[in-house]
Structures are given as structure tokens and as C-alpha cells.
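Next come the chains, spelled out residue by residue.
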Amino acid sequence: MSTTHKYNMGVIGNCAYMAYVDDVANVKWLCWPKFDSSFVFGGLLDEEKGGKFAIVPETEDFTTQQYYVPNTNILCTEFHQENGDSFKVTDFAPRFTQADRYYKPLMLIRKIEPMHGVCRIKVECEPMAEYGKVQPEKSQGSNHIRYIGYEQPMRLTTNIPLSYIMDESYFVLSGAVYLVMTYGTPLEASLKTTVETFYQKTKGYWRQWVKSTSIGTFAQEKVIRSALILKIHQFEDTGAIIASGSTSLPEHPGSGRNWDYRYCWMRDTYYTLNAFNNIGHFEEMEGYFRYIENVASRETERHLQPLYSITAEKKLTEIELDLSGYQGNNKPVRIGNDAYTHIQNDVYGQVFVSLLPFYNDKRFSNPHRQYTKENLQKLLYKISETMEQPDAGLWEFRNKAQLHCYTFLFHWAGACSAEKIADYFQDDKFRAEAIKLKKEAIEKIEACKDPETGVYMQAVGSKDMDASCLQLITMGYLDPRSEEARIHLEGMEKELKAENGLFYRYKHEDDFGTPSSTFLICGYWYIEALACVGRVDEAIDYFNQIAKYANHLGLLSEDVDERDGSQWGNFPQTYSHVGLINAAYRIAKKLDLPNFLGKSS
């Protein structure tokens, strides 16, 4: 039997919330009312204090099969009993257009239906509050169960006899039954009609969304799933996109590298907006742009933080909770993220690069930009001000500050973007300052180059390599056709490449010791670099090999153990799915493949 660890879960969501459902139909993680709120179901991090929402067959002799309804975020879990009887659980978060707006309630819908024969099941529903400190009181209504102890009413509406749920007793599944959990506004309409209507509308919404996506023929199914996953990590109310819906899933067992990723990182803007642009989705880009614009325009008098909450809150105090942790033994469990206090100067260039399309891409015609020329000038000044300032770098070292090559790369990219934005404003002075900073950034990047090997190192004066320097090639700083790019890439391969195209971030010791697992996004950066330098066949081969590190639903984690292919780190990780989308796009462009799915009218 294989001991490879894979996350046995799928996620559903509607751009207001996400829920994690494991392969035996237990809701292992659900935070309400927002992505970064306390969990309602948190068995992912503590089986006892986390509560549960499980569908349990009476027999222990069964197998399950879990899958998404094609081209949707609707999740199905089939139970097949040894005697041949079977049933199916369908989970989804309603999302569809209604009255010229998106309807996306805090509503978890579960449909249970027999497939063959007669099955006996029970429903276990024990929500929690305040990260497991409080178990809400239950109160039975006429056709629902109220859970008392939340800021807003929480209710489970169902056509299952309430006594069976209250007592957690088995009953015969003789026909379709429905469970609708709501936070805030309860369901008062017809249960069956509402669920069936919402199912059809939600399925239709997701399939239309996929049809309106511009995706090439290369790795199309994987790109579609990644795009769907990326979409539900956007908190549509503000436009923020979180790194992951989970917290404290360890980068490697017992490593202590357990972080809360339910926030929006400024760094991710460039990669995420690039991914949405590559698949032709401008609605999500504009929403994310509004969020970044809102954050950055308020912070020009001080430094930009590396991350903010989904509602642009600054203070994300890191707290350790009294929970047992993933698999019962991975502590600490953290909420909040101390990285908000770090100095990470790459953010200024990343914001500039992210803003660029809204000034030079004619498809964006809205003249009412909050981010004025004055704000852009202040942002450019921050690049100048931090040119000599050591920082924590993109890997957020907690006890080490350096002059990072990656930071200077984005100073360079930001200055290049500023030079182009200057054309929009027809401002020669702004352009001249951008050109000056571009030259300064080039000098700093070149100072990171090791004269003996020709490889660009992690920082000025450092002998440590860093996978982020692959982007010197993918972002066009190094001409991919040049001997310089070839030498740099081969040097990095020799030091950081693992099996099957996986790549380590770095191999030197950091605040928590030496890294034990590879960082999946680095593998995709490597694939992009291979495609850029013309090693396209290798890029395709490694792309296909990395695909096997997904779980049974095609979902990607943050980290992968090169020894056995195990998934670790927060999950699913938007960074990893963004990496897949961008790598597939890069390969498709190199192959000059046509788009199979074009933008619909």
C-alpha cells in the first residue's frame, strides 16, 4: 500500500465562502461569514474541537468515489457498499446571476440520493464557534435546527426527520433528501424546489463561465480546473484573492512551518492578474485591481505591507490556538500572520506591474481610476527609497534581511512599467525618473551575479541560490536566447532541481532549519523558464510529470515532498494553480497552439 500523503478533499465555493469536503463527505473546514473568520467546521485541525458535518453509512464495508460535475465547482461523493447498494452526496455553494447581480449566499447545500438498492445512513452535524472554544446550543424548529451562539442566525433546514439528526440515528434513505445550512438569512422557500433550481442555475453559471474562458488546447482540462479553483478564492465583495482557504497545514510534518494563508498577498498580484489575463477573464482582474488600488492608494505615506486582510485590514496579529493540529500532531495552529510586519520591498514593483494593463491596455476603458498620477509618483519614490534597503525577501525570512535579487528584479519591472505608464500621462519627468530607477535596479541585479559561475544568487554578496531568480528569464530581464540565460538556468538546475521537475525554493538553512519539501510554484517557474529558452519538449515533459502531484480531484498543494510525491502545505494553493495556468499558457504560445475555447459573445 502506498504511503504517499495526498489531501483527500475537494473544495466548493461561491466567491463569498469556501468549504472543504473530504472523500467520505465530511465537511472538514468551513469559515463563516468570511474566509478569515472562525471556522464553523474545523475537523481539519482538530477532530474533537473542530465539530463535524458528516454523512455516515451504517455499514463500514464501503468505498467512495469523489469527483466534480464537469466544468463546475459542484462536488459529488459516491458511496458504494459491499452488498452493491450505493448513494451519492452532492455538495455546492449557490452562485448565479439574479437581478443583474451575482447571487452568492452563505448557504451550504447538500443533496443525498440513493443510486442503487436501499442504504441506511445518519447525519452528524455539530458546528462550533470561536475556533472550537464554544459549542453552540441546538434548538429544534418545525423543519429546521437552529444553532445559537453566532453573530447571525445559523440554521440547518432539511426534509430529514429532525429527530434523526438531533439523535444522530440511522434512517433508511428511500429517496432524495436535502440539507441546507445557512448563516444570516434563513431559507424560507420550498426546500426541494429551491435546491433543485439552485443546482441547475449554479451548474449553468459555472459552465458558462468556463465557456467564456480563453484556454488553449494544451493541458486544457487541468487549466480549467485550476481556473475554477482560482475563481472561488476571490472574495468578490472587495475583489481580494487569498493565497489559500486554509491555515496551519504544515509545509512538512513536524516542521513548525504552519501558516495562515487566508489573506491577500501584494506579491501575488502580478502572477494572479497575469493568469486571469492569460485566460481572458477581465471581470476578476478588474475586481482584484480595485482591491489593490484601494490598498495601495491609502499606503503611499508609509511602506506597503506584504499582505492585508480581504477587507484591507492592516493588523493581522499572529495567535496560536489550543488545537491539536493537522493529523492530530502538527502544532502550532496559527491564525493571523506576522509577515504583515515585515519589510518586503518587492511589493512596490509588483503593484506597478499589476497596474500597467489599466493604463496601456485599450480593453480597459474606465477613466475613473482611484490610483492617480500623484499616487503613482509616490509609489515610484518608494522604489527609489528602498533601493538600498535590505528586506525579508519573498520567502519572508523572519530573522534575516538581505539585498535580494528578486526585490531588485521587481524594482526593475516596476520601473519599466512606470516608463510605459508615463506615456499615458505624457509626463517626461515621470518617464525620466523611471528610466533612472531602471538603471539603478540593473546595477543591483548584476551585483547578485556570481562571477565564477555566472549564476545570479539570492542576494548581493550571497552564495545561496534561490528559485525566484528563475524569473530573470521568464520576466525578460535576461534574453532567453542568450548564453547568459543558458548558463544561469543550468546552474540553478544543478543546485535546486529535484525529481520530475520539482524545484526547491532554496536549500540553505533558514529560521526553521533546512527545507524538507519542494515548493510547487517553483516547479512551474522552472517549466516556464525551460519554455522561454526553447527547451519546450522538456517543459512539456516536466509539466506532465508535475501533474501527478495533484490529488484525486486535480487540486494542488503548496509543497511536495520529492521523495514520495506527498502533498504538504496549505491547500489548495492559489499560487500553485496560478503557476499551472501560466506555465501551460507559456508552452501553448511556444507551440503556437490555437485556442479551443474562445471568448463567447
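The preceding data block contains the structure.
Residues numbered from 1 in each chain as written. Predicted model: local features only at pLDDT ≥ 70, side-chain atom pairs only at ≥ 80, totals over all residues. Heavy atoms only, no water.

**Focus: the overall build of the protein chain**
Counting its secondary structure elements, the protein chain contains 15 helices and 28 strands. What you see for the protein chain is a C-alpha radius of gyration of 25 Å, in line with the 25 Å of a compact globule of 601 residues. Along the first, second and third principal axes, the C-alpha set of the protein chain runs to 75 × 55 × 50 Å. A sequence separation of at least 24 residues applies to 66% of the contacts in the protein chain between residues at least 6 apart. Of the accessible surface of the protein chain, which amounts to about 22900 Å², a share of 47% is contributed by carbon and sulfur atoms. Side chains of the protein chain carry 65 positive and 80 negative charges; the gap between the two charge centres is 5 Å. (Helix = DSSP H or I, 4+ residues; strand = E, 2+ residues; numbered from the N terminus. Rg over C-alpha atoms; globule rule 2.2 N^0.38 Å. Contact = heavy atoms within 4.5 Å. Areas by Shrake-Rupley, 256 points an atom, 1.4 Å probe, with all protein chains shown as cover. Lys, Arg positive; Asp, Glu negative; His and termini not counted. Charge placed at Lys NZ, Arg CZ, Asp CG, Glu CD.)

**Re the nonpolar core**
When a protein is soluble and globular, its nonpolar side chains tend to lie buried together. One finds Trp32, Phe53, Ile112, Met181, Tyr291 and Phe543 to be the most contacted residues of the largest nonpolar core, which totals 201 residues. If near-sequence neighbours (up to four positions away) are discounted, Phe53 is found in contact with Ala25, Asn26, Val27, Phe41, Leu108, Arg110, Val123, Glu124, Cys125, Leu156, Leu179 and Met181. Tyr263, Trp265, Leu316 and Tyr340 belong to the second-largest nonpolar core, a separate cluster that totals 9 residues. (Core = buried A, V, L, I, M, F, W, Y, C linked by side-chain atoms within 4.5 Å. Buried < 20%, exposed > 50% of the residue type's maximum accessible area, 1.4 Å probe, protein only.)

**Some points on the pattern of salt bridges**
Tallied over the entire structure, the rule returns 35 salt bridges. With its nearest N and O atoms 2.7 Å apart, the salt bridge here joins Glu47 to Lys28. In this pair, Glu47 sits in the loop between strand 4 (39–41) and strand 5 (52–57) while Lys28 sits in strand 3 (residues 27–31), placing the two residues 19 residues apart along the sequence. Owing to a relative accessible area of 55%, Glu47 belongs among the exposed residues under this scheme. One salt bridge in this structure joins Lys52 and Glu124, with 3.5 Å as the shortest N-O distance. One end of the pair, Lys52, is in strand 5; the other, Glu124, is in strand 12 (residues 119–126), and 72 residues separate them in sequence. A single network of salt bridges, built from pairs that share partners, joins Arg95, Lys104, Lys231, Glu236, Glu283 and Glu284. (Salt bridge = Lys/Arg side-chain N within 4 Å of Asp/Glu carboxyl O.)

**What to know about helix 3 (residues 220–232)**
Look at helix 3: 19 Å from first C-alpha to last across 13 residues, which is about the 18 Å you get at 1.5 Å a residue. Buried residues dominate helix 3, accounting for 11 of its 13 residues. Among the residues of helix 3, those classed as buried are Gln220, Val223, Ile224, Arg225, Ser226, Ala227, Leu228, Ile229, Leu230, Lys231 and Ile232. (Expected span 1.5 Å × (residues − 1).)

**Quick look at the sheet that holds strand 13 (residues 137–140)**
Spatial strand order, 6-7-8-11-17-15-14-13: 8 strands in an open sheet with antiparallel pairing. Unpaired on one side and paired on the other, strand 6 (62–68) and strand 13 mark the two borders of the sheet. Averaged over all pairs of adjacent strands, the angle between strand axes in this sheet comes to 15°, irrespective of strand direction. Bridge count between strand 7 (residues 75–81) and strand 8 (residues 86–92): 6 bridges; the pairing is antiparallel. Its bridge partner being in strand 8, Glu78 is matched across the sheet by Lys88. Along the sheet, helix 2 (residues 191–211) makes contact with strand 8, strand 11 (107–116), strand 15 (154–158) and strand 17 (177–183), crossing strand 17 at roughly 80°. (Pairing = 2+ DSSP bridges. Axes fitted to C-alpha atoms, helices over the stretch in contact; angles between N-to-C directions.)

**Points about the packing of aromatic side chains**
Under the definition given, this model contains 36 aromatic pairs. Ring centres of Phe79 and Phe87 lie 4.5 Å apart, and the angle between their planes is 5°; on these two criteria the pair is classed as stacked. In this pair, the class of Phe79 matches that of Phe87, namely buried. Judged by centre distance (5.8 Å) and plane angle (75°), the ring pair of Tyr102 and Tyr205 falls under edge-to-face. In this pair, Tyr102 is assigned in strand 10 (residues 101–103) and Tyr205 in helix 2, connecting sequence segments 103 residues apart. (Phe/Tyr/Trp six-rings, centres within 6.5 Å; stacked < 30°, edge-to-face > 60°.)

**Re unusual backbone geometry**
The omega angle of the peptide bond from Trp32 to Pro33 is 5°, so this bond is cis rather than trans. With respect to the helices and strands, Pro33 occurs in the loop between strand 3 and strand 4. Phi at Glu130 takes a positive value of approximately 50°, unusual for a residue other than glycine. Along the chain, Glu130 turns up in the loop between strand 12 and strand 13. Phi at Ala219 takes a positive value of approximately 50°, unusual for a residue other than glycine. Structurally, the position occupied by Ala219 is in the loop between strand 18 (215–216) and helix 3.

**Focus: the state of the cysteines**
A covalent bond bridging the sulfur atoms of two cysteines is what the word disulfide describes. A complete count under the given rule lists 0 disulfides for this structure. With no disulfide of its own, Cys76 has Cys119 as its nearest cysteine by sulfur position, at a separation of 16 Å. Cys264 carries a free sulfur, and the closest cysteine sulfur to it, the one in Cys15, is 14 Å from it. A relative accessible area of 0% means that Cys264 is categorised as buried. (Disulfide = S-S within 2.5 Å.)

**Observations concerning the packing of helix 4 (residues 268–278) against helix 5 (residues 282–298)**
Packing of helix 4 against helix 5 brings their axes to within 8 Å, and their N-to-C directions diverge by 160°. Of the possible angle classes, the one that applies to helix 4 and helix 5 is roughly antiparallel. When you trace helix 4 past helix 5, the crossing you get is left-handed. Contact with helix 4, carried on its side by Asp268, Thr269, Thr272, Leu273, Phe276 and Asn277, involves Phe282, Glu284, Met285, Tyr288 and Ile292 of helix 5 and no other residues of that element. Here the residues of the contact of helix 4 with helix 5 are counted per class, giving 6 nonpolar, 3 polar and 2 charged. (Parallel < 35°, antiparallel > 145°, perpendicular 65-115°, else oblique. Left-handed = near helix turned anticlockwise from the far one by under 90°. Nonpolar A, V, L, I, M, F, W, Y, C, P; charged D, E, K, R; others polar.)

**Here we look at the sheet that holds strand 16 (residues 171–173)**
Spatial ordering of the open sheet is given by 5-12-16, a layout of 3 strands whose pairing is antiparallel. In this open sheet, the two edge strands, each paired with only one partner strand, are strand 5 and strand 16. The sheet shows a mean angle of 40° between the axes of neighbouring strands, direction not considered.

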